Amino acid sequence: MEHYEKQHKEHFSGSALAVNSGVEQPPVVSPYFKKVKRRQLSVDDYMKGILEGNTTVLSQAITLIESLRPEHYELSQKIIEKCLPYSGKSVRIGITGVPGAGKSTFIEAIGNKVTNLGHKLAVLAIDPSSEKSKGSILGDKTRMETLVHNEKAFIRPSPSAGSLGGVARKTRETVILCEAAGFDVIFIETVGVGQSETAVHSMVDLFLMIQISGAGDELQGIKRGIMEMADMVAINKADGDNIQRANLTKAHFVNALNLFPMPESKWKPRVYTCSSIEGTGLLDIWSGVEDFIRFTRENGYYQKNRNRQAKYWMYETINDALKERFYQNEEVKNQLAFFERKVLDNEISSFIAARELLRIYSEKK
């Protein structure tokens, strides 16, 4: 090959067909570049950053909570323990609604109003994960274009990973960190009307449901249990030609809520109309939030509800830990496929298979 190239160069030497050697290209990576390994922050480093309201450090700490690595779990639990004395001073609001109700637009619009009133707002937006790929778009930061640049707001989209529709213990722990960082208003946006609402209700002070008018029978398909959880209902997109329909929808919801028994909080749920685009009705909704918090604090329900939630999450944490240990047990992992096959072949029932696996776990743990 080298001999051929030499003859080729000699043959075309001085000819217009001669091919000159190319210019040597510089390396893709600079030879002066040195990869700097980021220093691992200590618990004290995280605490210092969180208490100072450093959102970069806060985000890193939340990533530890969401991580599946055991060493990250241990570190995150130490951070949470140290944050506990600084938590509990925020107003926690769960926000739900059917897809297309404009939850993200509503949160951005009322969020800017809330921060203008002097509050610091944290938005924990739960993004649906794909059941197949486990991937998530995490698009809330894209949708909330103005709020994401608000210095008094912090937006954290998190993939649901199929856990109770996206809301579980990790969200509860994230709330603690946000409160320690000085955020006195916490919005938790759920995936949509479904199973996740129960989990959200167990970690918030007030439950707000977003609805729209002009989409058929507005009450159709809304589960009674979710309606009973709602402390407030906001009929969104009440603007333009839709104002009259929004008022009619409001009347429907008021009538429907009057049929339900009085909630334990003794607060009669309110229904509002608003426009996230035009900004109308948003301050009335926030005034309603302040009325609810004042009312429930005075009658003792606020603290009673917080105590019940703390107890609930203690048991949920125990259940999660037991479930994790069960599936990580080596003997269980070895036998799981065997019993699964026997169930699919109708050799044993699902209940017997579960009982046998639990027996194996209790004997081999």
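On a predicted model such as this, the values are computed, not experimentally measured, just so you know. (Residues numbered from 1 in each chain as written. Predicted model: local features only at pLDDT ≥ 70, side-chain atom pairs only at ≥ 80, totals over all residues. Heavy atoms only, no water.)

(A) Highlighting the packing of helix H2 (residues 43–51) against helix H4 (residues 70–83). Two numbers describe how H2 lies on H4: the axes approach to 10 Å, and their chain directions differ by 45°. The angle between the axes of H2 and H4 places the two elements in the oblique class. Crossing of H2 over H4 shows right-handed handedness. For the pair H2 and H4, the contacting residues are Val43, Asp44, Tyr46, Met47 and Ile50 in the first and Leu75, Lys78, Ile79, Lys82 and Cys83 in the second. Here the residues of the contact of H2 with H4 are counted per class, giving seven nonpolar, no polar and three charged. (Axes fitted to C-alpha atoms, helices over the stretch in contact; angles between N-to-C directions. Helix = DSSP H or I, 4+ residues; strand = E, 2+ residues; numbered from the N terminus. Parallel < 35°, antiparallel > 145°, perpendicular 65-115°, else oblique. Left-handed = near helix turned anticlockwise from the far one by under 90°. Contact = heavy atoms within 4.5 Å. Nonpolar A, V, L, I, M, F, W, Y, C, P; charged D, E, K, R; others polar.)

(B) Structural detail: the pairing of strand S6 (residues 232–236). Across the five residues that make up S6, a large majority, five, are buried. Covered by surrounding structure in S6 are Met232, Ala234 and Asn236 together with Val233 and Ile235, the residues of both alternating faces. In this sheet, S6 lies alongside strand S5 (residues 206–212) in parallel orientation, the contact comprising five bridges. Across the sheet, the residue bridging to leucine 208 is methionine 232, located in S6. As paired elements, S6 and strand S7 (residues 270–273) share four bridges and run parallel to each other. Within the sheet, the bridge partner assigned to valine 233 lies in S7 and is valine 271. (Buried < 20%, exposed > 50% of the residue type's maximum accessible area, 1.4 Å probe, protein only. Pairing = 2+ DSSP bridges.)

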